[in-house]
Amino acid sequence: MSELVIGAHVDQTDPIAEAQARRAPVVQMFLGDPQGYKGPEVAYAGGAAALREAAAAAGVGIYVHAPYIVNVATTNNRIRIPSRKLLQQHMDAAAEIGALGLIVHGGHVNKADDPAKGFDNWRKAVEATDIKVPLLIENTAGGDNAMTRYLERIQGVWDAIGSAEGADQVGFCLDTCHAHAGGNALESVVEDVRAITGRIDLVHANDSRDDFDSGADRHANFGAGRIDPDLLASVVRDAGAPVICETPGGADEHVADFAWLRERL
Ligand SMILES: [Zn+2]
C-alpha cells in the first residue's frame, strides 16, 4: 500500500519548486526565522496571495512549522506572552497562504514547576488563539519538564484543552524520531496517542541518530539511524496521515527517503 501522501520539509523561498523537484504533493516550511521572535515573513516572490494561488494551481499542499522558540506552556511570562503572539502571527500568515495546518511543539515548563500549570497554559493559549487552520501540536524528544514527550503529559495537555473553545481545530503531529528518542514504544505509539487525542493529523517521519529514550533530537535519513526500519514504517502506515520527512539533505536525499518508505508501507 503506498497511497499515503508523502512530502518533506523544504526551504521557504519557493516551496512549489521544492515540491516539484521531489514530485511531492505536500511540503512543510517555516515562515521566517525558526529561532527568532521576529514575526513571520513570506519569502515567496509575490507574497502570501501569490503563494496561495501558485500552490492551488500546482496542487501542492503546504504545512507551516511554527518557530522552535514558541513555548506557550511556560510559566515565564517573558516567554509565554511573546510565544502566544508569535503563534497567532504564524496562524494568520498560515491562513493567508492557504496552509493545511500549523505545527507547534508542545513546549515545557521550568524544572521546578508543576506540569499542571503548563497544561493550563495550553488551555489558555488555545482559547486566546484565533485558530484559522488546524493547529497541530507535536511531540518532542526531550527537554526538562516537557509537555509532549511522554504520553501522560500529552494526556494532561489534551485533558486541559478539551474544554477550550477552538479545541476541535487542535490536532496532533506525531514525530517518529521524537517518539523514539523521547522513550515511547513505537510498537504502540500510534494506538497510545490516538487513545488520548482521538486523532493523528500529520506524521513527521524521521529516523533518529540517537538511541531509544536518549532525549536527543537529531534526525537521520531512513535506514541511517537507530530506529528499526519495519517499526518506523509501521508507525507511518498505522497513523494513516499525511507524511512530512524532516530528514537531512535536499531533493535527492528526500526522494530516496520517500522510496525507502514506500517500499515498506
Ligand atoms: Zn518534527
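Just so it is clear, the structure is predicted and the values come from calculations on it, not from any experiment. (Residues numbered from 1 in each chain as written. Predicted model: local features only at pLDDT ≥ 70, side-chain atom pairs only at ≥ 80, totals over all residues. Heavy atoms only, no water.)

Peer 1: Give me the overall build of the protein chain: which residues, what numbers.
Peer 2: Assigned secondary structure in the protein chain consists of nine helices and 10 strands. Relative to its length of 265 residues, the protein chain is compact, with a C-alpha radius of gyration of 17 Å against a globular reference of 18 Å. Residues counted as buried form 55% of the 265 residues belonging to the protein chain. The long-range share in the protein chain, meaning contacts at least 24 apart out of those at least 6 apart in sequence, stands at 76%. When the accessible area of the protein chain is evaluated, it comes to approximately 10900 Å², of which 47% is carbon and sulfur surface. Positive and negative side-chain charges in the protein chain, numbering 23 and 38 respectively, have mean positions lying 5 Å apart. (Helix = DSSP H or I, 4+ residues; strand = E, 2+ residues; numbered from the N terminus. Rg over C-alpha atoms; globule rule 2.2 N^0.38 Å. Buried < 20%, exposed > 50% of the residue type's maximum accessible area, 1.4 Å probe, protein only. Contact = heavy atoms within 4.5 Å. Areas by Shrake-Rupley, 256 points an atom, 1.4 Å probe, with all protein chains shown as cover. Lys, Arg positive; Asp, Glu negative; His and termini not counted. Charge placed at Lys NZ, Arg CZ, Asp CG, Glu CD.)

Peer 1: Give me the lowdown on the nonpolar core, citing residues and values where you can.
Peer 2: Ranked by size, the top nonpolar core spans 74 residues in total, and within it Ile62, Trp122, Trp158, Leu174, Val236, Val243 and Leu261 carry the most contacts. Of all the elements, helix H3 (residues 77-96) adds the most residues to this core, at six residues. (Core = buried A, V, L, I, M, F, W, Y, C linked by side-chain atoms within 4.5 Å.)

Peer 1: Hey, could you go over the sheet that holds strand E3 (residues 61-65) for me, with residue numbers and the actual values?
Peer 2: Taken in spatial order, the eight strands line up as E1-E2-E3-E4-E5-E6-E7-E10 and close into a barrel, and their pairing is parallel. Averaged over all pairs of adjacent strands, the angle between strand axes in this sheet comes to 30°, irrespective of strand direction. Inspection of the sheet shows strand E2 (residues 26-29) paired to E3 by four bridges, in the parallel sense. Looking at the pairing, glutamine 28 lines up with tyrosine 63 of E3. (Pairing = 2+ DSSP bridges. Axes fitted to C-alpha atoms, helices over the stretch in contact; angles between N-to-C directions.)

Peer 1: Tell me about the side chain of histidine 65, and name the residues and values.
Peer 2: Mapped onto the elements, histidine 65 comes out in strand E3. Given the relative accessible area of 1%, histidine 65 is considered buried. Separated by 3.4 Å, the side chains of histidine 65 and histidine 105 make a polar contact. Of note is the side chain of histidine 65, whose polar atom sits 3.3 Å from the side chain of glutamate 138. Every residue in contact with histidine 65, bar those within four places of it in the chain, is listed here: His9, Gln28, Met29, Phe30, Leu102, Ile103, His105, Glu138, His204 and Glu246. (Polar contact = N/O pair within 3.5 Å; in protein donor to acceptor, adjacent residues only side chain to side chain.)

Peer 1: Talk me through the coordination of the zinc ion; I want residue IDs and the actual numbers.
Peer 2: Coordination of the zinc ion by the protein is provided by Glu138 (OE), Asp175 (OD), His204 (ND1) and Glu246 (OE), with metal-donor distances spanning 2.1 to 2.3 Å. Angles of 85 to 170° at the metal separate the four donor atoms of the zinc ion, which places the site in the irregular class. Going along the chain, you hit the donors of the zinc ion in the pattern E-x36-D-x28-H-x41-E. Taken together, the positions of glutamate 138 in strand E5 (residues 135-138) and aspartate 175 in strand E6 (residues 170-175) put the pair 37 residues apart, joining distant regions of the chain. (Donors = N, O, S within 2.8 Å, 3.2 Å for Na, K, Ca; no water. Tetrahedral: all angles 85-135°; square planar, octahedral: opposite > 155°, others 65-115°.)

Peer 1: Describe helix H7 (residues 189-197), with residues and values.
Peer 2: Taken residue by residue, H7 has Val189, Val190, Val193, Ile196 and Thr197 as its buried positions. Looking down the long axis of H7, one finds its buried residues gathered within 135° of arc, a one-sided arrangement. Along H7, the residues that are exposed and aim more than 90 degrees away from the buried face are Glu191 and Ala195. The secondary structure elements touched by the buried residues of H7 are helix H5 (151-161), E6, helix H6 (176-182) and helix H8 (229-239). Following H7 by one or two positions, glycine 198 has its phi on the positive side, about 80°. (Arc of directions from axis to C-beta.)

Peer 1: I'd like to hear about the packing of aromatic side chains, residue by residue, with values.
Peer 2: Evaluated as defined, the whole model comprises three aromatic pairs. Here the aromatic rings of phenylalanine 30 and tyrosine 68 are separated by 5.3 Å at their centres, their planes lie at 75°, and the arrangement is edge-to-face. In this pair, phenylalanine 30 sits in the loop between E2 and helix H2 (47-58) while tyrosine 68 sits in the loop between E3 and H3, placing the two residues 38 residues apart along the sequence. Residue tyrosine 68 is classed as partly exposed on the basis of its relative accessible area of 41%. On the basis of an interplanar angle of 65° and a centroid distance of 5.8 Å, the ring pair of tryptophan 158 and phenylalanine 172 is categorised as edge-to-face. One end of the pair, tryptophan 158, is in helix H5; the other, phenylalanine 172, is in strand E6, and 14 residues separate them in sequence. Across the pair, exposure class does not vary: tryptophan 158 and phenylalanine 172 are buried alike. Positioned above the aromatic ring of tryptophan 260, the side-chain terminus of arginine 264 is 4.0 Å from the ring centre. (Phe/Tyr/Trp six-rings, centres within 6.5 Å; stacked < 30°, edge-to-face > 60°. Lys NZ or Arg CZ within 6 Å of the ring centre and 35° of its normal.)

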